[in-house]
Amino acid sequence: MIPAAFEYFAPGSVAEAIGLLEQHGDEAKLLAGGHSLLPALKLRLSQPGVLIDISRVAELHGIEAGDRLSIGAATTYAAIASDPAVLGGCAVLAECAGQIGDIQVRNRGTLGGALAHADPAADLPAVVLALDAAIAVQGPAGARSISADDMFVEMLTTALEPNEVVTRVTFPVLGAGEGASYAKLKHPASRYAIVGVAAYVRLHADGSVAAARVAVTGAGPRAERQHATESALVGSAGDAAAIAAAAELAGESMEYLGDIHASETYRRAMVKVYTRRALEQAVARARG
Amino acid sequence: MIGASLPRPDAVGKVTGATAYPGDLVRAGMAHLAVVYAGRPHARIRHIDTSAARALPGVLAVLTAADVPFNRFGLIDADAPVLCDDVVRYVGDRVALVVADDPASARAATALVRVDYEDLPLVGDVHAALHPDAPLLHPHRPGNIVHRLQIRRGDPDRGFAEADIVLSETFRTSWQEHAFLQPEAGVAWVDDDGRIVVETAGQWLHEDRRQIAAMLRLPEDRVVVRYAAIGGAFGGREDLGVQHLLALAAWVCRRHVALVWRRDESMATRHKRHPFTIETRWGARRDGTITAVAARLLADGGAYASTSQEVVKIATLFATGCYEVANVALEGLALYTNNVPSGAFRGFGSPQAQFASESMVTRLARALGIDPVEMRRRNLYREGSIEPSGEPLPPGVSVRACLDAVVDELARQPQSAPPAGWRRGWGVACGIKNVGYSFGYPEQATATVELSGADVIERAVVRTGVADVGQGSHLAMRQIAAAALGLALGQVHLISDDSAATPDAGSASASRLTLVAGRAVHDAALAALARWHDEERPACATVQFRPRATTPLAAADGAGRPNYCYGYTAQALEVDVDPATGACRVVTIISAHDVGRAINRQQVEGQIEGALAQALGYALMEEFQMRDGQVRTAGFSTYLLPTALDMAPRIIPLILEHADDQGPFGARGMSEMPLVPFAPALAAAIHDATGAWLSRQPMTPERVRAAVRRATAGEEQP
Ligand SMILES: Cc1cc2nc3c(=O)[nH]c(=O)nc-3n(C[C@H](O)[C@H](O)[C@H](O)COP(=O)(O)OP(=O)(O)OC[C@H]3O[C@@H](n4cnc5c(N)ncnc54)[C@H](O)[C@@H]3O)c2cc1C
């Protein structure tokens, strides 16, 4: 449980961090909250020779409110969960961040770290997908934006290029007729998602469903949109029967991971149960 | 004094961290031990090469089987090697012991001990163990049988023929990990008198001493065992853990040595509660009279004997629960496998057996349309009832009173609704568990009391080797002595943690210390008082208390007088079930216990609440898992324990006091009993809520959901 030796840098800017990444190549790893990286170091699953600590880079911090919410990558879950602008404009993000791990994890873990790490049981990727958030990154070749749908490639793998840093993530501010929810079956010890479902809906004035985005995390190797559920819901009345029918379609084409706490069969069933719960809640919120 | 909720004198030190547990005894300059484990479930050792490990700087010695004077240990059957010589039989078997200047060097050297193994075929579970071609784990044990017994009474065939209804079911329970707070640790050295001294935590000073002396081929008075504060035990410190390893290293190396286990070492190598498979058949008449019970109980004993023999006897004796049944045919079988050994754990076979028996009583009641409480009342043990072994129960049969107390309390419960979408149910179960050693095992406790003072008694010194594993026995012993002598608590001093300074009180197990050691303290106090009145100064008396004798069970039919005292209990649980996910939430627990006499009421309630937490974990989530002889749950991220958030918000302990005829002030033991009825009461509540029957423990969400779906599908069938 003791990591191998490493060199430690604490750059003052993103540019400096990128410079260090380029200088040390494969040897180097970014360190944010450390709540995925440090366990991996201690178990010696990962043995980088250089750690570049970006947790105190000022430009990676802060929540900027406007038409959209722009959140710095090094912002902690605790900061997100208690931020008035998030609670007012994008409450589902606070709802999700507030359920991650325990207090220690929430005080250290960061938005950028969670997305870059892409743990199959991480919560935030589902919300990022359901809200169609945009991930701003910066690298040796400059800055670019990655759409949520392109971000999560496979287990522990994202669309980030080598030496790219997640800098900010932009979320929509939800208005009238919109609602979102995150429903989670927690691992009893770690609180990671065994199944986590994020749902977003927008309703027409008559109450029928104009748009829906649903994403599942925890059950399989990566967080995934649930297109069949979304299509079934759009155009429906958004009532209990329509939600139940749409939820039955969730997880049908997914790959599953089973473990000693929950088999693949159980996860498959729970994807439907939690999709229904997330959708019921999202619709109820959209109706106000 | 008796019954008062006196605060625990040890509490402040334990909470502030001032108290020394065994791991706190490590001092600068001590040599450190690290164990080389087998890491494989079944293999022949061809060769052990310790040269690379010995060459590592800081390493003082690497001990192997050749260094152990008598290389066998065990509580009942000394069948476990201290360090394996020829064969390893489970992953946690110890192969070598490194002694080094510091812990890091010791650990590093373990990786350099090269063991050349030839893997042997795996005996992965009881079914594999029973196979006619199964390899034998211990060549002198045909059929891989640790112990087999049968108990027959009446005419089972006729009993089943007389039944209006016969139900059969197979129940399964899992291993349970003791999960005490403080992993095994200790220190040892050879003192100036040439005695080997071991300071650690355990459950029975004098038994640890006996086994260490046997291992070192020393007379027992050359071995001293002392206990520091003990961070929980629950049966998990009955088998030797680090005691003998410390003694061996100190003796061979003539050094002060220390060993502190990591949690994963503790979990992966120590014995567990036995997993049982119980196939059982119950017959009853329409009026609810149980006419016959047949049961076959298979226990996975793991690699070594430990206490399997006694556990399977207890489980078999309780296969009919606390019900008088005229016709019984019971068979119990404990088997060797290449799994972690199974041994003592709070309840000692009773929870497993009564998960089956209590569940069957509820099922019979439901099938007959009789209220499960009424069904119990018709069949419960009464004063003078005959046990399966054919003899009347010891006096003081109070299970009916426990059940009545629970039912009265139930009637007073406020009505409330479960959360939306959840279903709520109530379940009731009873329980029985022996107090003290069984089946003719010599049972005694000895205490010495010395009174000093001039005109009046100023001070009493009580000596008895009682291990306070956290249950509060030290305070209980002092309260008993103070009450017997009419002294204030502060005048009574207890010496209890040193095998050289105390007489043998037996183990902290089988809920026995309050009754047996408490009675010895009580009687010694009165004897010393008599001498005080005869003007002896100081007045000193030693008393050995031996309760009513028990007998072994006859081989042919199990006839005998197995126990001298029983503890009785009944429980009701209110449980919410989410049928969609299978999640269960225990809302209310009513737990009634006849404790004879509460010596310290707060401690009794503490034992009830603590045992209920362990029971809740066992019933709902705790599942130690092995596959192909490898441990899959060696930490608390994989082995799930309940937390405060999982406990029932309402716990109502009911303490009954029907005096026992042998215990001090009428007290009888109670610390295991809350574990006995919990799981079957939970299963009954789940059934009440959803119509689903659970027959496998733990009742995880996945299993509950599957059972609910089966039950619902059954309803839909024509
Ligand atoms: C006990 C425990 C319980 C947990 N429970 C949960 C839970 O319930 N739900 C959940 O979602 N997660 C949970 N986690 C994981 C936690 O959320 C982690 O914090 C998160 O996965 C990683 O974020 P971090 O800031 O700690 O990143 P780090 O661990 O510091 O880094 C993780 C990886 O991301 C890279 N990285 C970090 N920041 C950036 C960046 N800005 N740009 C590019 N790469 C970057 C690092 O190089 C590293 O490879 C738990 C962790 C623990 C220890």
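Residues numbered from 1 in each chain as written. Chains lettered and ligands numbered in written order. Predicted model: local features only at pLDDT ≥ 70, side-chain atom pairs only at ≥ 80, totals over all residues.

## Considerations on the overall build of chain A
Next up, step 1: The helix and strand tally for chain A stands at 12 helices and 14 strands.
Next up, step 2: For a compact globule of 288 residues, the expected C-alpha radius of gyration is about 19 Å, and chain A comes in at 19 Å, within 12% of that figure.
Next up, step 3: Summarising its shape, the C-alpha atoms of chain A cover approximately 60 × 45 × 35 Å along the three principal directions.
Next up, step 4: The 288 residues of chain A split such that 48% are buried.
Next up, step 5: Within chain A, contacts between residues separated by at least 24 positions form 65% of all contacts whose residues are at least 6 apart in sequence. (Helix = DSSP H or I, 4+ residues; strand = E, 2+ residues; numbered from the N terminus. Rg over C-alpha atoms; globule rule 2.2 N^0.38 Å. Buried ≥ 20, exposed ≤ 12 C-beta atoms within 10 Å, placed from the backbone. Contact = placed C-beta atoms within 7 Å.)

## Re the overall build of chain B
Next up, step 1: Along its length, chain B carries 17 helices and 25 strands.
Next up, step 2: Rg of the C-alpha trace for chain B: 26 Å, near the compact-globule value of 27 Å for 718 residues, within the 12% margin.
Next up, step 3: Counting only C-alpha atoms and orienting by the principal axes, one finds that chain B spans roughly 80 × 75 × 55 Å.
Next up, step 4: When the 718 residues of chain B are sorted by exposure, 58% land in the buried category.
Next up, step 5: In chain B, of all internal contacts separated by at least 6 residues, the share reaching a separation of at least 24 is 80%.

## Comments concerning the domain arrangement of chain B
Residue and element names in this part refer to chain B.
Next up, step 1: The assigned domain composition of chain B is domain 1 (12-120 + 184-260), domain 2 (276-438 + 555-716) and domain 3 (444-545).
Next up, step 2: In this structure, domain 1 and domain 2 have C-alpha centres spaced 36 Å apart.
Next up, step 3: Looking at the side of domain 1 that touches domain 2 residue by residue, the classes come out as 7 nonpolar, 5 polar and 6 charged. (Domains from an automatic or database assignment. Nonpolar A, V, L, I, M, F, W, Y, C, P; charged D, E, K, R; others polar.)

## Considering the site of the ligand
Residues and elements named next belong to chain A.
Next up, step 1: Around the ligand, a shell composed of 32 residues is seen, among which Gly33, Gly101, Gly109, Gly112 and Gly113 lie nearest.
Next up, step 2: At the level of secondary structure, the elements contributing two or more residues to the shell around the ligand comprise β2 (28-31), α2 (37-42), α6 (103-108), α7 (111-117) and β10 (165-172).
Next up, step 3: Ranked by residue count, the leading element in the shell around the ligand is α7, at 5 residues. (Near = placed C-beta within 6 Å.)

## What about the nonpolar core?
A general tendency of soluble globular proteins is for nonpolar side chains to be buried together.
Next up, step 1: If you look at the biggest cluster of nonpolar residues, it comprises 233 residues, and the most contacted ones within it are Val98, Ala481 and Ile686 of chain B.
Next up, step 2: By residue number, the principal contributor to this core is helix α14 (residues 513-533) of chain B, which donates 10 residues.
Next up, step 3: With sequence-adjacent residues up to four places away left out, Ile686 of chain B is seen in contact with Gly425, Val575, Val577, Cys584, Ala692, Leu694, Met699 and Val704 of chain B.
Next up, step 4: Ranked by size, the runner-up nonpolar core spans 95 residues in total, among them Val86, Ala118, Leu174 and Tyr192 of chain A. (Core = buried A, V, L, I, M, F, W, Y, C linked by C-beta atoms within 7 Å.)

## Some details on the domain arrangement of chain A
Residues and elements named next belong to chain A.
Next up, step 1: Partitioning chain A into domains gives domain 1 (7-52), domain 2 (59-172) and domain 3 (178-287).
Next up, step 2: Taking the mean C-alpha position of each, domain 2 and domain 3 sit 20 Å from one another.
Next up, step 3: Across the boundary between the two partners, domain 2 contributes 22 residues, which contact 25 residues of domain 3.
Next up, step 4: Counting only elements with at least two residues in the side of domain 2 that touches domain 3, the list comes to α5 (91-97), α8 (124-130) and β8 (152-154).
Next up, step 5: With 5 residues, the top contributor of residues to the side of domain 2 that touches domain 3 is α8.
Next up, step 6: For the side of domain 2 that touches domain 3, the per-class residue count stands at 14 nonpolar, 2 polar and 6 charged.

## Re the packing of helix α15 (residues 601-620) of chain B against helix α16 (residues 678-690) of chain B
The axes of two packed helices give the description: the angle between them and the distance between them.
All names here are of chain B.
Next up, step 1: Here α15 crosses α16 at 55 degrees, and the two axes come no closer than 9 Å. The orientation of α15 with respect to α16, classified from their angle, is oblique. Considering how the two elements wind past one another, α15 and α16 form a crossing that is right-handed. Residues Leu612, Ala615, Leu616, Tyr618 and Ala619 of α15 form the contact with α16, whose participating residues are Phe678, Ala679 and Leu682.
Next up, step 2: Classifying every residue of the contact of α15 with α16 gives 8 nonpolar, no polar and no charged. (Axes fitted to C-alpha atoms, helices over the stretch in contact; angles between N-to-C directions. Parallel < 35°, antiparallel > 145°, perpendicular 65-115°, else oblique. Left-handed = near helix turned anticlockwise from the far one by under 90°.)

## Let's talk about the sheet that holds strand β22 (residues 584-594) of chain B
Either a parallel or an antiparallel arrangement is found when strands of a sheet pair, and the pairing is made through backbone hydrogen bonds.
All names here are of chain B.
Next up, step 1: One open sheet accounts for 4 strands, arranged β16-β21-β22-β25; its pairing is mixed. Sheet topology places β16 (423-434) and β25 (650-656) at the edges, where each strand pairs with a single neighbour. With strand direction ignored, the average angle separating the axes of adjacent strands in the sheet is 15 degrees.
Next up, step 2: Direction of pairing for β16 relative to strand β21 (residues 566-577): antiparallel, over a ladder of 12 bridges. Among the inter-strand pairings, Asn434 is bridged to a residue of β21, identified as Tyr566.
Next up, step 3: On top of the sheet, α16 reaches β16, β21 and β22; it is set at about 160 degrees to β16, its chief contact. (Pairing = 2+ DSSP bridges.)

## A word on the environment of Leu297 of chain B
All names here are of chain B.
Next up, step 1: Along the chain, Leu297 turns up in strand β14 (residues 290-302).
Next up, step 2: In this structure Leu297 comes out as buried when scored by C-beta crowding, with 26 C-beta atoms within 10 Å.
Next up, step 3: Placed 56 residues apart in sequence, Leu297 and Ala353 show a C-alpha to C-alpha distance of 8.0 Å.
Next up, step 4: For Leu297, the residues in contact, after removing those within four places along its chain, are Phe276, Ile278, Val312, Ala315, Thr316, Ala319, Gly332, Leu333 and Ala353.

## Considering the sheet that holds strand β19 (residues 492-495) of chain B
Residue and element names in this part refer to chain B.
Next up, step 1: Taken together, the 4 strands give an open sheet; going across it, the order is β19-β18-β17-β20, and neighbouring strands pair in mixed fashion. Unpaired on one side and paired on the other, β19 and β20 (539-545) mark the two borders of the sheet. Here the average twist between neighbouring strands, direction ignored, is 20 degrees.
Next up, step 2: This element, helix α13 (residues 473-485), spans β17 (445-452), β18 (459-463) and β19 of the sheet and lies at about 135 degrees to β19.
Next up, step 3: Strand contacts of α14: β17, β18 and β20, with the helix running at about 150 degrees to β20, the strand carrying the most contacts.

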